[in-house]
Amino acid sequence: MASLRLAAFALSCALLAASASALPPAVFNVGDERGWAVPSGNGTETYNHWAKRTPMQVGDILSFKYANDSVLLVSHDDYKQCSTETPLGRFTGGDTQFRLDGYGPFYFISGVPGHCEAGQRMIARVRAPSSQTAGAPAAAPGMPPTAISGGAPTPTGGAAATSPAAPSVGGGGSGSASSTTPAPTPSPMPQASGAARRAVVSSVVPSIVLGLVVVCVVTLFVVA
């Protein structure tokens with residue numbers, strides 16, 4: 001009977017340590033303070049610059065804040081052409097929480113005419129951890145999107161996205177830039193709040209797990 005109690009206690013300790021080591025998903029506010037809107041120019045950071053410096057992982061959440069606008073999840077081709085005709089998902093609630101539920105690129109554009117051509121579009125790249133990169137297939141956003149809040153998505157019959165090379169990140173619809181006009185340098189932006197929180201949690205969790213393991217081991221020796 002005593003050995004059974006010890007086994008149950010050991011199993012509880014293992015489950016507790018495992019649950020403590022699981023990091024919560026990070027929530028990233030798209031565009032930081034300015035939210036989801038047409039870039040104002042004058043060196044304003046593009047959304048693809050913002051996405052590139054944001055370390056996104058599977059399960060993380062993109063928070064879109066907008067007014068009199070919308071968020072469209074589209075295929076790669078529709079992203080390049082700024083086409084709003086056949087989106088994979090449409091969100092219009094003003095506060096959309098989009099969960100990144102797979103690896104690979106997710107393509108977002110504004111649904112308001114002219115906004116995508118003016119630079120309101122983004123490629124969110126969710127990369128596998130380095131230990132999984134070799135064996136993990138690249139997932140394209142052809143699956144039904146996952147929205148946590150901000151109105152239910154309206155999926156349409158658009159084609160599934162492919163994963164060719166990323167298009168240019170310029171503001172124009174064609175992605176080309178004048179050879180005589182240098183591209184503005186993006187304004188420096190603070191680190192995304194979700195990444196900062198993840199860094200803090202990542203530095204604390206190992207110590208908590210180690211403490212739980214030590215307590216469990218000591219308790220097992222005392223009880224035995």
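Residues numbered from 1 in each chain as written. Predicted model: local features only at pLDDT ≥ 70, side-chain atom pairs only at ≥ 80, totals over all residues. Heavy atoms only, no water.

Peer 1: Whenever I open this one, the packing of aromatic side chains confuses me. Can you help?
Peer 2: A ring pair, where both rings are aromatic, is described by two values, the distance of the centres and the angle of the planes. By the definition in use, this model includes seven aromatic pairs. Arranged with centres 5.3 Å apart and planes meeting at 90°, the rings of tryptophan 36 and phenylalanine 64 form a pair that is edge-to-face. Residue tryptophan 36 is located in the loop between strand E1 (27-29) and helix H2 (47-52), and its partner phenylalanine 64 is located in strand E2 (residues 61-65); the two are separated by 28 residues in the primary sequence. As far as burial versus exposure is concerned, tryptophan 36 and phenylalanine 64 are alike and both buried. Measuring from centroid to centroid gives 5.5 Å for tyrosine 79 and tyrosine 107, while their planes differ by 50°, and the two rings are tilted. Here tyrosine 79 is found in helix H3 (residues 76-81), whereas its partner tyrosine 107 is found in strand E6 (residues 104-110), with 28 residues between them in sequence. Tyrosine 79 sits in the buried class, given a relative accessible area of 0%. A residue is classified by how much of its surface remains accessible, and tyrosine 107, at 0% relative accessible area, is buried. We note arginine 34 situated over the ring of tyrosine 47; from NZ or CZ to the ring centre the distance is 4.4 Å. One cation-aromatic arrangement involves arginine 121 over tyrosine 79; the distance from NZ or CZ to the ring centre is 4.9 Å. (Phe/Tyr/Trp six-rings, centres within 6.5 Å; stacked < 30°, edge-to-face > 60°. Helix = DSSP H or I, 4+ residues; strand = E, 2+ residues; numbered from the N terminus. Buried < 20%, exposed > 50% of the residue type's maximum accessible area, 1.4 Å probe, protein only. Lys NZ or Arg CZ within 6 Å of the ring centre and 35° of its normal.)

Peer 1: Is there a simple way to think about the pairing of E2 in this case?
Peer 2: Across a regular strand the side chains alternate sides, sitting on one face of the sheet and then on the other. Counting buried residues along E2, four of its five residues qualify, which places the element largely inside the surrounding structure. Of the pairings in the sheet, the one linking E1 to E2 comprises three bridges and is parallel in character. Within E2, the residue paired with phenylalanine 28 across the bridge is leucine 62. Taken together, the five bridges between E2 and strand E5 (residues 95-99) define a ladder with antiparallel strand orientation. Of the residues in E5, the one forming a bridge with isoleucine 61 is arginine 99. (Pairing = 2+ DSSP bridges.)

Peer 1: Hey, could you run me through the nonpolar core in this one?
Peer 2: Nonpolar side chains in soluble globular proteins tend to end up buried together. Grouped together as the largest cluster of nonpolar side chains are 22 residues, with contacts concentrated most on Trp36, Met56, Leu62, Phe64, Phe98, Phe108 and Met122. Put simply, the parts of the chain that give this core at least two residues each are H2, E2, strand E3 (71-74), E6 and strand E7 (121-126). Apart from the residues lying within four places of it in its own chain, the contact partners of methionine 122 are Val30, Trp36, Tyr47, Asn48, Trp50, Ala51, Leu62, Phe64, Tyr79, Phe106, Tyr107 and Phe108. In terms of nonpolar packing, the next biggest core, distinct from the first, is built from eight residues, Tyr79, Cys82, Cys116 and Ile123 among them. (Core = buried A, V, L, I, M, F, W, Y, C linked by side-chain atoms within 4.5 Å. Contact = heavy atoms within 4.5 Å.)

Peer 1: What is the right way to look at the sheet that holds E6 in this model?
Peer 2: Within a beta sheet, neighbouring strands are joined by backbone hydrogen bonds and run either parallel or antiparallel to one another. Spatial strand order, E4-E3-E6-E7: four strands in an open sheet with antiparallel pairing. Each edge of the sheet is formed by a strand with only one pairing partner; in this case those strands are strand E4 (89-91) and E7. Within the sheet, the average angular offset between the axes of one strand and its neighbour, ignoring direction, is 25°. By the bridge criterion, six bridges tie E6 to E7 in an arrangement that is antiparallel. Within E7, the position partnered with glycine 104 by the bridge is valine 126. (Axes fitted to C-alpha atoms, helices over the stretch in contact; angles between N-to-C directions.)

Peer 1: Would you mind going over the state of the cysteines with me for this structure?
Peer 2: By definition, a disulfide links the sulfur atoms of two cysteine residues through a covalent bond. On inspection of all chains with the given rule, the structure shows one disulfide. Disulfide partner of cysteine 82: cysteine 116, at an S-S distance of 2.1 Å. Because the sign of the S-S torsion sets the handedness, a value of about -70° for the bond joining cysteine 82 and cysteine 116 places this disulfide among the left-handed ones. Taken together, the residues cysteine 82 in the loop between H3 and E4 and cysteine 116 in the loop between E6 and E7 connect sequence positions 34 residues apart. The residues cysteine 82 and cysteine 116 share a single accessibility class, namely buried. (Disulfide = S-S within 2.5 Å.)

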